[in-house]
Amino acid sequence: MAGYSIPTTERTERSTEAAYQQCLNPSCSATFGIDEAHFSCPKCGDLVDVVYDWDRLPVPRALSDFEAKWSRRLDPLCFSGVWRFRELLPFAPADRIVTIGEGQTLLQRADKVGAFVGMSTGNLMLQYEGMNPSGSFKDNGMTAAFTHARMVGARRVACASTGNTSAALAVYCSATDHGFKAIIFIGSGKIAYGKLAQALDHGALTVQIVGDFDDAMTRVREVSDRLGIYLMNSVNPFRLEGQKTIMYRVLEANGWEVPDWIVVPGGNLGNSSAFGKAFIELKHLGLIDRVPRLAVINAAGARTLNELYSAREVRWRSGLADSAKIGAFYNELDASGVKASTIASAIEINRPVNLKKCLRALEFCDGVVRQVSDQQIMDAKARVGAGGLGCEPASAASVAGAKLLREEGVIAPSDRVVCILTGHQLKDPTATVAYHGADQENFEKVLGSRGVRRAGFANRPVIVPNDLDDIIRTIALYSEAESAGA
Ligand code: F0G
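Residues numbered from 1 in each chain as written. Predicted model: local features only at pLDDT ≥ 70, side-chain atom pairs only at ≥ 80, totals over all residues. Heavy atoms only, no water.

Asks: Could you give an account of the nonpolar core, with specific residues and numbers?
Replies: Of all hydrophobic cores here, the largest spans 105 residues; its most connected members are F91, F146 and M232. No other element matches helix α7 (residues 237–253), which puts 7 residues into this core. Listed in part, the 33 residues of the second largest apolar core include V113, Y128, A295 and L404. (Core = buried A, V, L, I, M, F, W, Y, C linked by side-chain atoms within 4.5 Å. Buried < 20%, exposed > 50% of the residue type's maximum accessible area, 1.4 Å probe, protein only. Helix = DSSP H or I, 4+ residues; strand = E, 2+ residues; numbered from the N terminus.)

Asks: Tell me about the side chain of K357, and name the residues and values.
Replies: The residue K357 is located in helix α11 (residues 355–364) in this model. One polar contact links the side chain of K357 to the main-chain carbonyl oxygen of V48, over a distance of 2.7 Å. When neighbours within four sequence positions are excluded, K357 is seen to be in contact with L24, L47, V48, D49, P237, L240 and S273. (Polar contact = N/O pair within 3.5 Å; in protein donor to acceptor, adjacent residues only side chain to side chain. Contact = heavy atoms within 4.5 Å.)

Asks: For the sheet that holds strand β12 (residues 368–372), give the residues involved together with the corresponding values.
Replies: A sheet is described by the order of its strands in space; here 6 strands give the open sequence β4-β5-β13-β10-β11-β12, paired in mixed fashion. Each end of this open sheet is capped by a strand with a single partner; those strands are β4 (106–109) and β12. Direction aside, the axes of adjacent strands within the sheet are offset by 25° on average. Pairing analysis gives 5 bridges linking strand β11 (residues 293–299) to β12, with the strands arranged parallel. Counted as the bridge partner of A299 is V372 from β12. Sheet strands touched by α11: β11 and β12. Its angle to β11, the strand with the most contacts, is close to 140°. (Pairing = 2+ DSSP bridges. Axes fitted to C-alpha atoms, helices over the stretch in contact; angles between N-to-C directions.)

Asks: So what's going on with the environment of K381? Which residues, and what values?
Replies: For K381, the location among the structural elements is in helix α12 (residues 374–387). Taking the C-alpha atoms as reference points, K381 and T432, 51 residues apart in sequence, are found 8.5 Å from one another. Every residue in contact with K381, bar those within four places of it in the chain, is listed here: C391, E392, P393, A396 and T432. From its side chain, K381 meets the backbone oxygen of C391 in a polar contact 3.3 Å long.

Asks: Requested: an account of empty space enclosed by the protein, with residues and values cited.
Replies: Taken as a whole and assessed by the stated rule, the structure comprises 2 cavities of 30 Å³ or more. Put simply, the largest cavity is a space of about 330 Å³. Across the lining of the largest cavity, the residue classes break down as 9 nonpolar, 14 polar and 3 charged. By volume, the second largest cavity amounts to about 40 Å³. Every residue along the wall of the second largest cavity is listed here: D49, V50, P237, L240, E241, S273, A274, K277, K357 and R360. Of all the secondary-structure elements, those providing two or more residues to the lining of the second largest cavity are β3 (48–52), α7, α8 (270–284) and α11. A class-by-class count of the residues in the lining of the second largest cavity yields 4 nonpolar, 1 polar and 5 charged. (1 Å grid on protein atoms, 1.4 Å probe; cavity = no way out; pocket = protein on both sides within 12 Å on 5 of 7 lines; lining within 4 Å. Points joined across faces, edges and corners; volume = space filled by probe spheres on them. Nonpolar A, V, L, I, M, F, W, Y, C, P; charged D, E, K, R; others polar.)

Asks: I'd love a proper account of α8, names of residues and values included.
Replies: Relative to the 21 Å expected for 15 residues at 1.5 Å per residue, α8 spans 21 Å between its end C-alpha atoms, a close match to the ideal helical length. Within α8, 13 of the 15 residues are buried, leaving the element largely enclosed by the surrounding structure. (Expected span 1.5 Å × (residues − 1).)

Asks: Describe the pattern of salt bridges, naming the residues involved and giving the relevant values.
Replies: The tally for this structure, following the rule as stated, stands at 29 salt bridges. Between R293 and D366 there is a salt bridge, with its nearest N and O atoms 3.3 Å apart. Taken together, the positions of R293 in strand β11 and D366 in the loop between α11 and β12 put the pair 73 residues apart, joining distant regions of the chain. Residue class for D366 comes out partly exposed when judged on its relative accessible area of 47%. Note that R312 is salt-bridged to E307, the shortest N-O span being 2.7 Å. (Salt bridge = Lys/Arg side-chain N within 4 Å of Asp/Glu carboxyl O.)

Asks: Give me the lowdown on the state of the cysteines, citing residues and values where you can.
Replies: What we call a disulfide is simply a covalent bond connecting the sulfur atoms of a pair of cysteines. Inspection of every chain in the model, using the stated rule, returns 0 disulfides. Free cysteine: C159, not disulfide-bonded; nearest cysteine sulfur from C173 at 9.3 Å. Left unpaired, C419 is separated from the closest cysteine sulfur, that of C391, by 9.7 Å. On the accessibility criterion, C419 (0% relative accessible area) is buried. (Disulfide = S-S within 2.5 Å.)

Asks: Residue-level account of the sheet that holds strand β2 (residues 31–33), with values.
Replies: In space, the 3 strands of this open sheet follow the order β2-β1-β3, with antiparallel pairing throughout. The two strands at the open ends of the sheet, each matched to only one other strand, are β2 and β3. Averaged over all pairs of adjacent strands, the angle between their axes in this sheet comes to 35°, without regard to strand direction. Relative to β2, strand β1 (residues 19–23) is paired through 3 bridges, and the arrangement is antiparallel. Residue pairing in the sheet places Y20 in a bridge with G33 of β2.

Asks: Run through the packing of helix α4 (residues 164–174) against helix α5 (residues 193–201), naming residues and quoting values.
Replies: For the pair α4 and α5, the least separation of the axes is 8 Å and the interaxial angle reads 20°. Our classification of the angle between α4 and α5 gives roughly parallel. Handedness of the α4/α5 crossing: left-handed. Counted together, N164, A167 and A170 of α4 and K195, Q198 and A199 of α5 form the full contact between these two elements. Looking at the contact of α4 with α5, its residues break down into 3 nonpolar, 2 polar and 1 charged. (Parallel < 35°, antiparallel > 145°, perpendicular 65-115°, else oblique. Left-handed = near helix turned anticlockwise from the far one by under 90°.)

Limitation: the analysis is restricted to geometry and does not speak to function.
This is the structure:
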């Protein structure tokens, strides 16, 4: 386990604590109590992990032991799709946990989408994280980070966001009674309207700055540091503790069997990092005997991970990831003035804060990274809508990525593949309507400007005069066309 393990060295001063925090950098490895709030290592500035001394914690003998919780779901901690796995993120006392009933999500067998991807029947599954209360996977992380915020007595909580993080942050403030006040930072014009609506509706202080997500992220870190505000972006290691449970639910819905592939969009790389940590720990605890392969999918317009991992071969290297190569790439980005640009607004990120943790996950899970164009994303999104429960563009990157890996022969048709659909279909409706709509000018403005040339899977609305006979004739015509095509 040496190269992959969550660090546990040099923790003598923590020897009485079963859960603590530790710097990811092996040449630092500083440790901190669970009751402290650091969003980077105060000694060296690197990322921080939540670490457990499992020998001193009650761990289930088998994953199926968690099924006993289902009969106790009147207890909010057994009902929550995050906290019913509490023994696998044991950092909080039960009476400090902040939950709004998150994580009631679904793993759906999606054969029509599977056919589009090129899978054998029954082998593509979609994990719908858009079913969370605020409409995205973020609630998994927020419940854990809010729990920690409550443990450390924080009141003001902040994030930078393109929409989903801010909606989740705002709802955890409005729907709970612990005096939390939400502050969200957004880049001007860089937030999905429906998500801005959620933040405003839930009463968050919304600070709009000139710039994009990467700029807002830099500022929120500075402001949180200066004003002692609790930071809720995924650089917060407690967020990732909550997001591990997406993998537990995938296993649970799959009869505790490990699939062959997990395919996930890559933005700030919080999910991929959390999934890797989940599997490292499950393997360490003997709760699984094999690990799925991980595929992280960038948008081509925000391809930092793919460039660093696939082209420049940056690797985890036991925590000593090649920072010179990473720095050189960021300098190139700065020098060229290139900003992240993709229709998949949630992954329009050039400086992923969890890069190193993601490299660890890729190494442990024998991972691959790919990038997909906005055309591939929009086509995949339309297929998910037509053959599943629907998703936002960023989520569809996972399906587009799975298709690409099938075409390359990296994924076999007989592999069991789970694509994570991270956010709800009703985010970024402008993109969806531009794709399906008949308005060419709107298509060009919203999608053509991003290199999308065709809407090959469009379901066009039909324009009919306000006349009963015309309407009936049109319905007959379209029904005939449909049955002829069937
Ligand atoms: N998918 C969705 C729907 C997201 O909202 C995000 C991130 C990602 C994927 C990227 O996830 O960081 O785990 O790689 N959204 C952030 C936000 C930027 O502000 O809501 P990651």
